[in-house]
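Spelled out from the first residue to the last, the chains are:
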Amino acid sequence: MASSLLKTLIKSSNLPSTTRNLTAVSNQISEHTAKWMQDVSKKSPMELINEVPPIKVEGRIVACEGDSNPALGHPIEFICLDLKEPAICKYCGLRYVQDHHH
């Protein structure tokens, strides 16, 4: 099924059916990235997520879902907080630290 979908996409992009070159996709991604980076007044997603302070958690393990709305979140990532530095979710970049009550 995936191969038939790929053939359909190649035919619809007006590339020869024997072409396995992903140059068209690469060019589209490059153009999109260039367009995104033109406006320097906007912050990148990485800059925005870095502005969020680390979330303090009482336990040793946190379950990150990215958002309280499942449609906007990501698969659950269980993160161990045993280290001193903040642990980072590999999906959304949120940082978590263990809140020690001494």
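Report follows, based on the coordinates. Predicted, not measured: the structure shown is a model, and the values here were computed from it. (Residues numbered from 1 in each chain as written. Predicted model: local features only at pLDDT ≥ 70, side-chain atom pairs only at ≥ 80, totals over all residues. Heavy atoms only, no water.)

1. Some details on the environment of Val97
Locating Val97 in the fold gives a position in strand β5 (residues 95-98). Distance in space between the C-alpha atoms of Val97 and Ile61 is 9.8 Å, their sequence separation being 36 residues. The contact partners of Val97, leaving out residues within four places of it in the chain, are Pro54, Ile55, Lys56, Val57, Leu81 and Pro86. (Helix = DSSP H or I, 4+ residues; strand = E, 2+ residues; numbered from the N terminus. Contact = heavy atoms within 4.5 Å.)

2. Concerning the nonpolar core
Formed by Val57, Val62, Cys64, Ile79, Leu81, Ala87, Cys89, Leu94 and Tyr96, the largest nonpolar core amounts to 9 residues. Dropping the residues within four chain positions of it, Leu94 is found in contact with Ile49, Val52, Ile55, Cys64, Gly66, Ala87, Ile88 and Cys89. (Core = buried A, V, L, I, M, F, W, Y, C linked by side-chain atoms within 4.5 Å. Buried < 20%, exposed > 50% of the residue type's maximum accessible area, 1.4 Å probe, protein only.)

3. Concerning the pattern of salt bridges
According to the stated counting rule, one finds 3 salt bridges in the structure shown. Here Lys43 ties to Glu51 by a salt bridge, and the two come within 2.2 Å at their closest N and O atoms. Lys43 gets classed as partly exposed once you look at its relative accessible area, which sits at 40%. Exposure remark for Glu51: the relative accessible area of 48% places this residue in the partly exposed category. (Salt bridge = Lys/Arg side-chain N within 4 Å of Asp/Glu carboxyl O.)

4. Quick word on the sheet that holds strand β4 (residues 87-88)
With respect to topology, 3 strands assemble into an open sheet ordered β1-β5-β4, the strand pairing being mixed. Looking at which strands have only one partner, the edges of the open sheet turn out to be β1 (55-57) and β4. By the bridge criterion, 3 bridges tie β1 to β5 in an arrangement that is parallel. Residue pairing for β5: Val57 is matched across the bridge by Gln98. (Pairing = 2+ DSSP bridges.)

Function cannot be read off these values alone, since they describe shape.
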